[in-house]
Amino acid sequence: MSASFRVLNSRVSALCLSLTPRNHPVQCSVGGRWLSCSQTGENLRPLEGVRVLDLTRVLAGPFSTMILGDLGAEVVKVERPGAGDDTRAWGPPFVGAESAYFLSVNRNKKSIAVDLKHPKGARIIQELAGVSDVLVENYLPGKLHEMGLGYEQLSRVNPQLIYCSISGYGQTGPQSQSPGYDSIASAVSGMMHITGPEDGDPVRPGVAMTDLATGLYAHGAVMAALLQRHKTGRGVHIDCNLLSSQVSCLSHIAANYLNAGKEARRWGTAHESIVPYQGFKTKDGHIVVAAGNDKQFVKVCQVLELKELTDESKYKTNKLRVQNRKQLLHTLSERFLQETTSDWLKRFDGSGVPVGPINNIQEVFSDAQVKHNGLIQDMNHPTAGRITVPGPAVRFSSFIPAGPMPPPLIGQHTVQVLRDILSYSDDIIKMLLETKAVAQNEVS
């Protein structure tokens, strides 16, 4: 049993003890929200004591490991000396010398700059894998095996290692050796085919949802593997890829084809199977209305002062509204144009009908609920100064998120990791720096 795994077991035991009846719940503020907390005297994060070796770049992998870091894991990010993660150069905008893109998905990590092509560099990764609980990588399948860093090789060093591989198409199969990027996977998976205006061309989603979905899948798989290891004492190899993640997220669109042979099409903001369920232009912007049942449709008509629509037989059920969507949407659209977005929001308030404005990003981060949910996170970066990124989406009653560690500089923690985790002597560290097997950021 690795030292970090023993720590995890003790943490799990401590958490179980904190749930016994003698700990009466109290109310505590978490990210602006009041949640029930146990009086354990310990601000315990779920993954404290878990070490993650992060060999990923760009978005899917870093997003996944950032979530693990938010939950308390010690994340050691391995980067190429000099250039580092590809996204460090993805700008503008830049904050100082750092790209906003990189800053957005790399908090709560330490950076170690290692040349994996250098024999001593590869050896460092082998040793780090030997004392880590989780390794996450997104190299082309087989590439790390060629360096002696594949799952089979590292699991012999550390049988309890959870090794998560993120790729474009999977570890095996006819496309496994093809490079994978979000836009390509979004196209191949059908996501672009169903995204865009009803009579227009396919559109790439405004944010890399295929990458982000894959990161979420990877994070969940790692958590499940940690629980499985707690039961079996052994690690596992996880195959997570962009294609599978996005195809699985096609949800009912996929089921419509697989069961009814129905090919999908683009609907803009509208829904194929529910009417009205889409965006409408107002006098000064847009509003989205989602009438998911017949009762809500009646409410919509009441708010719009179009009660006569509820008496028409062709609109009595959702099935009929879908069949007669064109005429109904024309009538609703003309009415929505007569008032401003804020006026409509006031009219719908308390109606029970889900509605919301289509916000630009400035409006998003001015929203009271966004602020209340702690989704604006400030940090002091060593060179960029004060930075702000989107905060964690999930809150736990068992801990209050402490001040996050800012995204690291390239190789900011190289010497620290070699000394503290691998117990390297100063002489060995000096030799590794001189031979350029590793690099240490000068600022630190």
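Shown above is the structure to which this text applies.
Before going into details, it helps to say that this report is about the structure given with it. Just so we're clear, the structure is a prediction, and the values are computed from it rather than from any experiment.

### Observations concerning the layout of surface pockets
Next, step 1: Here the largest pocket is characterised by a volume of approximately 1200 Å³.
Next, step 2: Contributions of two or more residues to the lining of the largest pocket are made by α2 (60-70), α3 (100-104), α7 (182-188), α8 (209-232), α15 (361-364), β14 (376-381) and β15 (385-390).
Next, step 3: Its residues assigned to classes, the lining of the largest pocket comprises 30 nonpolar, eight polar and seven charged.
Next, step 4: Taken as a whole, the second largest pocket holds about 790 Å³ of empty space.
Next, step 5: What lines the second largest pocket is a set of 33 residues, among which Arg57, Asp86, Asn138, Tyr139 and Leu140 lie closest to the centre.

### A closer look at unusual backbone geometry
Working note: non-glycine residues mostly have negative phi, and peptide bonds are mostly trans.
Next, step 1: Between Gly91 and Pro92 the backbone carries a cis peptide bond, its omega angle lying at 5°.
Next, step 2: Mapped onto the secondary structure, Pro92 falls in the loop between β4 (74-79) and β5 (94-95).
Next, step 3: Note that the residue after Pro92, namely Pro93, is joined by a cis bond; omega there is 5°.
Next, step 4: Counting through the fold element by element, Pro93 comes out in the loop between β4 and β5.
Next, step 5: At Asn108, a residue that is not glycine, the phi angle is positive and equals roughly 55°.
Next, step 6: Position of Asn108 relative to the elements: it lies in the loop between α3 and β7 (110-114).
Next, step 7: Positive phi, close to 50°, is recorded for Ser251, a residue that is not glycine.
Next, step 8: Of note, Ser251 is situated in helix α10 (residues 251-260).

### Side note on the sheet that holds strand β10 (residues 236-241)
Next, step 1: Taken together, seven strands build an open sheet; the order of strands is β10-β9-β8-β3-β4-β7-β16 and the sheet is mixed. Of all the strands in the sheet, just β10 and β16 (438-439) have a single pairing partner and so form its edges.
Next, step 2: Sheet topology places strand β3 (residues 51-55) next to β4; four bridges connect them, and they run parallel. Within β4, the residue paired with Asp54 across the bridge is Lys77.

### Considering the environment of Pro81
Next, step 1: Here Pro81 lies in the loop between β4 and β5.
Next, step 2: Residues Pro81 and Leu116 lie 35 residues apart in sequence; the distance between their C-alpha atoms is 9.7 Å.
Next, step 3: Not counting chain neighbours up to four residues away, the residues in contact with Pro81 comprise Ala113, Val114, Asp115 and Ala439.

### Description of the pattern of salt bridges
Side chains that carry opposite charge are capable of pairing whenever their charged atoms lie near each other.
Next, step 1: Taken as a whole and judged by the stated rule, the model has 19 salt bridges.
Next, step 2: Where Glu127 meets Arg123, a salt bridge forms, and the shortest distance between an N and an O atom there is 3.3 Å. Within this pair, Glu127 and its partner Arg123 are both found in helix α4 (residues 119-130), separated by four residues, close to a single helical turn.
Next, step 3: Accessibility expressed as a relative area gives 25% for Glu127, which makes it partly exposed.
Next, step 4: Salt bridges sharing common partners tie together Glu305, Arg335, Glu339 and Arg347.

Scoring rules and cut-offs
- Residues numbered from 1 in each chain as written.
- Predicted model: local features only at pLDDT ≥ 70, side-chain atom pairs only at ≥ 80, totals over all residues.
- Heavy atoms only, no water.
- 1 Å grid on protein atoms, 1.4 Å probe; cavity = no way out; pocket = protein on both sides within 12 Å on 5 of 7 lines; lining within 4 Å.
- Points joined across faces, edges and corners; volume = space filled by probe spheres on them.
- Helix = DSSP H or I, 4+ residues; strand = E, 2+ residues; numbered from the N terminus.
- Nonpolar A, V, L, I, M, F, W, Y, C, P; charged D, E, K, R; others polar.
- Pairing = 2+ DSSP bridges.
- Contact = heavy atoms within 4.5 Å.
- Salt bridge = Lys/Arg side-chain N within 4 Å of Asp/Glu carboxyl O.
- Buried < 20%, exposed > 50% of the residue type's maximum accessible area, 1.4 Å probe, protein only.

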